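What the coordinates show
Each chain, letter by letter, is given below.
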Amino acid sequence: MSESQKGIIWAAGAYIVWGVLPIYWKTLQHVPSAEILTSRVLWACLFTLIIVILMGNLSTLRNDLIALWRNKKAFWSLFSASFLITANWFLYIWAVNSSHMVETSLGYYINPLVSVLLGIFFLKERLTKAQLAAFFIAAIGVLILTVSYGRFPWLAFALALSFGLYGLMKKTIKLDALRGLTIETMFVLPFAIIFYVYLFMTGKAVLFHDTIQTDFLLLLTGAATAIPLLLFTKGAQNIPLYMIGFLQYIAPTCMLILGVIIYGESFALIDMISFSFIWFALILFTVSKVLEARTRRQKT
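Before going into details, it helps to say that this report is about the structure given with it. (Residues numbered from 1 in each chain as written. Predicted model: local features only at pLDDT ≥ 70, side-chain atom pairs only at ≥ 80, totals over all residues. Heavy atoms only, no water.)

**Some thoughts on the overall build of the protein**
Helices and strands together make up the secondary structure of the protein, namely 13 helices and zero strands. Shown N-terminal to C-terminal, the secondary structure of the protein runs as helices and strands in the order α-α-α-α-α-α-α-α-α-α-α-α-α. Overall, the C-alpha framework of the protein stretches about 55 × 45 × 40 Å when taken along its three principal axes. For the protein, the share of sequence-separated contacts (at least 6 apart) that also reach a separation of at least 24 residues comes to 85%. About 15,200 Å² of surface is accessible on the protein, with carbon and sulfur atoms providing 71% of the total. One way to put it: in the protein the 22 positive side-chain charges average out to a point 13 Å from where the 12 negative ones average out. (Helix = DSSP H or I, 4+ residues; strand = E, 2+ residues; numbered from the N terminus. Contact = heavy atoms within 4.5 Å. Areas by Shrake-Rupley, 256 points an atom, 1.4 Å probe, with all protein chains shown as cover. Lys, Arg positive; Asp, Glu negative; His and termini not counted. Charge placed at Lys NZ, Arg CZ, Asp CG, Glu CD.)

If you want it as structure tokens, here you go:
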């Protein structure tokens, strides 16, 4: 098996894990979303730090922190990004456990389009005619959803926008994914500890006050956060960017299937029509990006 084929398997594995993670969060449905998030930050920081130490990269992590502190712009960008991804995690967990999995999947479907829009506004990037058409087609799909819902799908856009802004802030910061996650969770860790102290002092903490299974699942939230990231990092090193573009739709597709088939969320004909517009837009957008990458490669 070639390195490229192995990379596809690793990256696809990461997206599959991300796609089925709602099952994990559903098992913690009786725990308030804020505590699940706090637990996720706390144990993800510990879990990633242990992996960094086991890999012998503690000194590299220290050097990353020193370099960040010297570059104040990068430091505050990553600091802000860490709170954006934390907000994204909270929205995601709350949405899954509040039976909004279909809208969650919509958020991750439109995320690539939102990211490109942010690139246009903040990085002065340009769109091809095909990519511009994809945006208009996706907008029609969102408009249909808005009319059918009787409200703007704010949750989907909040998920897509928070993750898109997170990616934008990290675009100029060159950091290893694992060490980057460790530092990001370090930034939020003090707030997580303070909140957990508050929960324990007020008797509102579920951790160590429920079943052993609940305690075990809360402790494993760190691993659930870090493992798919490690799979993705290993895979992304050996496959081209356009292939990642194709694979990233695995996760929202899994979420959509889980929400409709397993958890019985509503998905009427009008939803199918609106999602079809968005799916077609994504196909058009992704194909245009593939052709763009091939043209660029041929020129070089």
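The discussion continues.
**Overview of the pattern of salt bridges**
This structure, assessed with the given rule, holds four salt bridges. In this structure, arginine 151 and glutamate 103 form a salt bridge, with 3.0 Å as the shortest nitrogen-oxygen distance. Note that arginine 151 is positioned in the loop between helix 6 (129-149) and helix 7 (154-170) and glutamate 103 in helix 5 (residues 101-123), a separation of 48 residues in sequence. Among the residues examined, arginine 151 registers a relative accessible area of 33% and is labelled partly exposed. One salt bridge in this structure joins arginine 179 and aspartate 176, with 3.9 Å as the shortest N-O distance. For arginine 179, a relative accessible area of 14% puts it in the buried group. The network of salt bridges with shared partners includes Asp64, Asp176 and Arg179. (Salt bridge = Lys/Arg side-chain N within 4 Å of Asp/Glu carboxyl O. Buried < 20%, exposed > 50% of the residue type's maximum accessible area, 1.4 Å probe, protein only.)

**Notes on the side chain of threonine 225**
Positionally, threonine 225 belongs in helix 10 (residues 221-236). Look at threonine 225 and you get buried, because its relative accessible area is 6%. A distance of 2.6 Å separates polar atoms of two side chains, one belonging to threonine 225 and the other to arginine 40. Only 2.9 Å separates the side chain of threonine 225 from the backbone oxygen of threonine 221, close enough to count as a polar contact. What threonine 225 contacts, discounting residues up to four positions off in sequence, is Arg40, Ala44, Trp89 and Leu181. (Polar contact = N/O pair within 3.5 Å; in protein donor to acceptor, adjacent residues only side chain to side chain.)

**Re the nonpolar core**
The biggest cluster of nonpolar side chains holds 32 residues, and the ones touching the most others in it are Tyr24, Trp25, Leu28, Ile36, Tyr92 and Leu218. If you list the elements that add at least two residues to this core, you get helix 1 (3-26), helix 4 (72-97), helix 5, helix 7, helix 8 (177-201), helix 9 (212-219), helix 11 (241-247) and helix 12 (250-262). Ranked by the residues each element gives to this core, the list is headed by helix 1, at six residues. Setting aside residues no more than four positions away along its own chain, tryptophan 25 makes contact with Ile36, Arg40, Tyr92, Ile93, Val96, Asn97 and Thr221. One finds Tyr109, Ala134, Ala156 and Ala160 within the second-largest nonpolar core, a separate group that totals 24 residues. (Core = buried A, V, L, I, M, F, W, Y, C linked by side-chain atoms within 4.5 Å.)

**Side note on helix 8**
Along its 25 residues, helix 8 runs 35 Å from first to last C-alpha, staying within 8% of the 36 Å computed at 1.5 Å per residue. Largest kink in helix 8: about 45°, centred on valine 188, with the proline proline 190 one to four residues after it. For helix 8, the N-terminal capping position is held by aspartate 176, with its side-chain oxygen 3.0 Å away from the main-chain nitrogen of leucine 178. Two residues or fewer after helix 8 comes glycine 203, characterised by a positive phi angle close to 75°. (Expected span 1.5 Å × (residues − 1). Bend = angle between axes of the 7 residues up to and from the residue.)

**Side note on the packing of helix 6 against helix 13 (residues 269-299)**
How two helices sit against one another is set out by the angle between their axes and by the gap between those axes. Viewed as axis vectors pointing N to C, helix 6 and helix 13 meet at an angle of 165°, and their least axial separation amounts to 8 Å. Taken together, the axes of helix 6 and helix 13 are roughly antiparallel relative to one another. When you trace helix 6 past helix 13, the crossing you get is left-handed. Its residues assigned to classes, the contact of helix 6 with helix 13 shows 19 nonpolar, five polar and three charged. (Axes fitted to C-alpha atoms, helices over the stretch in contact; angles between N-to-C directions. Parallel < 35°, antiparallel > 145°, perpendicular 65-115°, else oblique. Left-handed = near helix turned anticlockwise from the far one by under 90°. Nonpolar A, V, L, I, M, F, W, Y, C, P; charged D, E, K, R; others polar.)

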